[in-house]
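Close look at the chain arrangement
Take a look at the letters that make up each chain.
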Amino acid sequence: MDILYFAWVRERIGRPRETLDTNAATVAELVEELKGREDRYAAAFADLSALRVAVNQELTDFDASLEGAREVAFFPPMTGG
């Protein structure tokens, strides 16, 4: 699956995207897998309340299923004006 990182998440991880084979069943499990890879991932995902996630371009929660997911995107909350 494709994993996309935006804004400061991308800056902390050091890449805009990557392709990953995972057995994670939920977004939360995927995050735990990513955090275990390297310190830069652990830093990016240290405070999940500061992040939003989309699966297949639909905004969702971290307990969302990854069944059939082709893309997961992580980004900070956005504000409008």
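The sections below set out a description of the structure shown in this document. Fair warning: this is a prediction, and the values are worked out from it, not measured in the lab.

Conventions adopted
Residues numbered from 1 in each chain as written. Predicted model: local features only at pLDDT ≥ 70, side-chain atom pairs only at ≥ 80, totals over all residues. Heavy atoms only, no water. Buried < 20%, exposed > 50% of the residue type's maximum accessible area, 1.4 Å probe, protein only. Helix = DSSP H or I, 4+ residues; strand = E, 2+ residues; numbered from the N terminus. Arc of directions from axis to C-beta. Contact = heavy atoms within 4.5 Å. Polar contact = N/O pair within 3.5 Å; in protein donor to acceptor, adjacent residues only side chain to side chain. Pairing = 2+ DSSP bridges. Core = buried A, V, L, I, M, F, W, Y, C linked by side-chain atoms within 4.5 Å.

1. A look at unusual backbone geometry
The backbone of A7 shows a phi angle near 55°, a positive value even though the residue is not glycine. Look at A7 and you get partly exposed, because its relative accessible area is 31%. Despite not being glycine, Q57 has its phi angle at roughly 65°, a positive value. Turning to its location among the elements, Q57 is positioned in the loop between β3 (52-55) and β4 (58-60). Of the residues examined, Q57 reaches a relative accessible area of 68% and is grouped as exposed.

2. Considering helix α2 (residues 27-35)
Of all the positions in α2, only V27, L30, V31 and L34 are classed as buried. Along the long axis of α2, the arc covered by the buried residues comes to 100°, so they all point the same way. Those residues of α2 hidden inside the fold are in contact with β1 (2-5), β2 (17-19), α3 (39-44), β3 and β5 (71-75).

3. As for the side chain of T26
Residue placement: T26 occurs in the loop between β2 and α2. From its side chain, T26 meets the backbone nitrogen of E29 in a polar contact 3.1 Å long. For T26, the residues in contact, after removing those within four places along its chain, are F62, D63, A64, S65 and L66.

4. Points about the pairing of β3
For β3 and β5, the ladder comprises 4 bridges, and the chain directions are antiparallel. Within β5, the position partnered with V55 by the bridge is V72. As paired elements, β3 and β4 share 3 bridges and run antiparallel to each other. What sits directly across from V55, in β4, is E58.

5. A word on the nonpolar core
Y5, V27, L30, F45, L66, V72 and F74 are the most contacted members of the largest nonpolar core, which totals 23 residues. Where this core is concerned, the elements lending two or more residues are β1, α1 (8-13), α2, α3, β3 and β5. With 4 residues, α2 is the single largest residue contributor to this core.

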